[in-house]
Amino acid sequence: MPRFMTATVTEILEERPGLQRVVTDAGRAYALVDLTGSVAVGDEVVLNTTAVELGLGTGGWHVVHWNLRRDEWSEPGPGHIMKLRYTSLQIDVGAAEEDHPDLPESLNGTPVVACTVHSQVGIVTAVVRSLAPNARIVYVMTDGAALPLALSDLIHRQREQGTIDTTITAGHAFGGDLEAVSLPSALVLAHHVARADVIIVGMGPGVVGTGSSLGTTAVEAAWVVDTVAALGGQAGLCVRASAADPRERHQGVSHHTATVLRLARTRPAVPLPAELAADLEGAVVVKIPDSAQEILEDLGITSMGRGPEEDPKFFAAAVAAGVWATERAH
């Protein structure tokens, strides 16, 4: 069950669209300003402390639930479609489908990369942008992990750098340039409205995993690749691989990848560099460009705290997915 406590804001650490990071006398916290409004130094706030107390992967951040300085607060939304429906934080974000109700239900061969870890998204998009500087790159964020797009430092940085052209938040995820009710609709919006040359689909920060092969939000990638196939796109699966992860189920080709391929009713392309392709039957061998190392160094991305030097297999597999998508872009 959730745990709440009151605290006082003592410092503002960062402010950007949709997000404030602050210090309180109970620890660090972030405020999702589209849901609760902004906070200021001296404000007494209610914090949800549940994740920190459970030791989950939030980096030690509480969540601002309400600002007690206010008796009321409202921010009119753009439409009548709600996300976080039937919770006390439901928000009227509207939906792009309201403005585009009759889009063709086809992707016309557009390459779509399905990712199972948020950090893969940053690698794939950076590779595509480097190899095809003029390509239109669209990121579709699912609701498999963090729901607010504003929480992703990775996507915020890539938007500032121009690596990603458009973001779309699907399902109960929210905060994208376009809001979509469902994943299939998000894909069609990416193609027909955002004019994507390459679409990357994946959850936000915070993949949920257990010791069970099915008990992870990563299995959503099976639904992604089947949906892409049904809509006439080219589906590619970004392989999760590692030689550094201490958990046996993620050694070599992760069980996430194996499970997705087992659950999917259609077979996506599975791009890998030659040195990893032997680990997965039916893999598409991709030549890694000489510039890959420089791309990765400039990114500054880590996965589970490890960079390309600590876990080269993870990064090489994601680079291969980016190369595959670039080669198939219109």
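A.B. asks: Sorry, what's going on with the overall build of the protein here?
C.D. replies: The number of helices and strands found in the protein is 11 helices and 17 strands. In terms of overall size, the protein behaves like a compact globule, its C-alpha atoms giving a radius of gyration of 20 Å where 330 residues would be expected to give roughly 20 Å. The principal-axis extents of the C-alpha atoms in the protein amount to approximately 60 × 50 × 35 Å. Out of the 330 residues belonging to the protein, those deemed buried represent 53%. A sequence separation of at least 24 residues applies to 66% of the contacts in the protein between residues at least 6 apart. Accessible surface, the protein: about 14500 Å² in total, of which carbon and sulfur atoms supply 52%.

A.B. asks: Mind showing me how you'd approach the pattern of salt bridges here?
C.D. replies: Oppositely charged side chains may form a pair once their charged atoms are brought near each other. What the rule picks out here adds up to 10 salt bridges. Salt-bridge contacts for Glu179 lead to Lys83; the nearest nitrogen and oxygen are separated by 2.9 Å. Taken together, the positions of Glu179 in strand β11 (residues 178–180) and Lys83 in strand β6 (residues 82–83) put the pair 96 residues apart, joining distant regions of the chain.

A.B. asks: Got a minute to help me understand the pairing of strand β5 (residues 62–67) in this structure?
C.D. replies: Successive residues of a regular strand alternate their side chains across the two faces of the sheet. In terms of strand pairing, strand β3 (residues 27–31) meets β5 through 2 bridges, oriented parallel. The residue of β5 that forms the bridge with Tyr30 is Val63. Across 4 bridges, the pairing between strand β4 (residues 44–48) and β5 is antiparallel. Among the inter-strand pairings, Val46 is bridged to a residue of β5, identified as Trp66.

A.B. asks: Explain the side chain of Thr257 to me, please; I cannot follow it from the model alone.
C.D. replies: Among the structural elements, Thr257 can be located in helix α8 (residues 255–263). Of note is the side chain of Thr257, whose polar atom sits 3.0 Å from the backbone nitrogen of Arg240. Leave out the neighbours within four places in its chain, and Thr257 touches Leu237, Val239, Arg240 and Leu280.

A.B. asks: Which parts of the structure should I look at to understand helix α7 (residues 220–230)?
C.D. replies: An α-helix turns once per 3.6 residues; consequently, residues spaced three or four apart project the same way. Most of α7 is tucked away, with 8 of its 11 residues classed as buried. Considered for burial, the residues of α7 that qualify are Glu220, Ala221, Ala222, Val224, Val225, Asp226, Thr227 and Val228. The elements touched by buried residues of α7 are β8 (111–114), β9 (137–142), α6 (183–192), β12 (198–203), β13 (234–237) and α8. Looking one or two places after α7, you find Gly232, whose phi comes out positive at around 80°.

A.B. asks: When you look at the packing of helix α4 (residues 118–131) against helix α10 (residues 292–299) in this model, what are you seeing that I'm missing?
C.D. replies: Two measures define how a pair of helices packs: the angle their axes make with one another and the distance between the axes. Running from N to C, α4 and α10 cross one another at 125°; their axes reach a closest spacing of 10 Å. Looking at the two axes, α4 sits oblique to α10. Note that α4 runs across α10; the crossing there is right-handed. Here α4 contributes Gly122, Ile123, Ala126, Val127 and Ser130 to the contact with α10, which in turn contributes Ile295, Leu296 and Leu299. Of the residues in the contact of α4 with α10, the class split is 6 nonpolar, 2 polar and no charged.

Here is what the cut-offs are and how they apply
Residues numbered from 1 in each chain as written. Predicted model: local features only at pLDDT ≥ 70, side-chain atom pairs only at ≥ 80, totals over all residues. Heavy atoms only, no water. Helix = DSSP H or I, 4+ residues; strand = E, 2+ residues; numbered from the N terminus. Rg over C-alpha atoms; globule rule 2.2 N^0.38 Å. Buried < 20%, exposed > 50% of the residue type's maximum accessible area, 1.4 Å probe, protein only. Contact = heavy atoms within 4.5 Å. Areas by Shrake-Rupley, 256 points an atom, 1.4 Å probe, with all protein chains shown as cover. Salt bridge = Lys/Arg side-chain N within 4 Å of Asp/Glu carboxyl O. Pairing = 2+ DSSP bridges. Polar contact = N/O pair within 3.5 Å; in protein donor to acceptor, adjacent residues only side chain to side chain. Axes fitted to C-alpha atoms, helices over the stretch in contact; angles between N-to-C directions. Parallel < 35°, antiparallel > 145°, perpendicular 65-115°, else oblique. Left-handed = near helix turned anticlockwise from the far one by under 90°. Nonpolar A, V, L, I, M, F, W, Y, C, P; charged D, E, K, R; others polar.

Treat this as a map of the structure, not an account of what it does.
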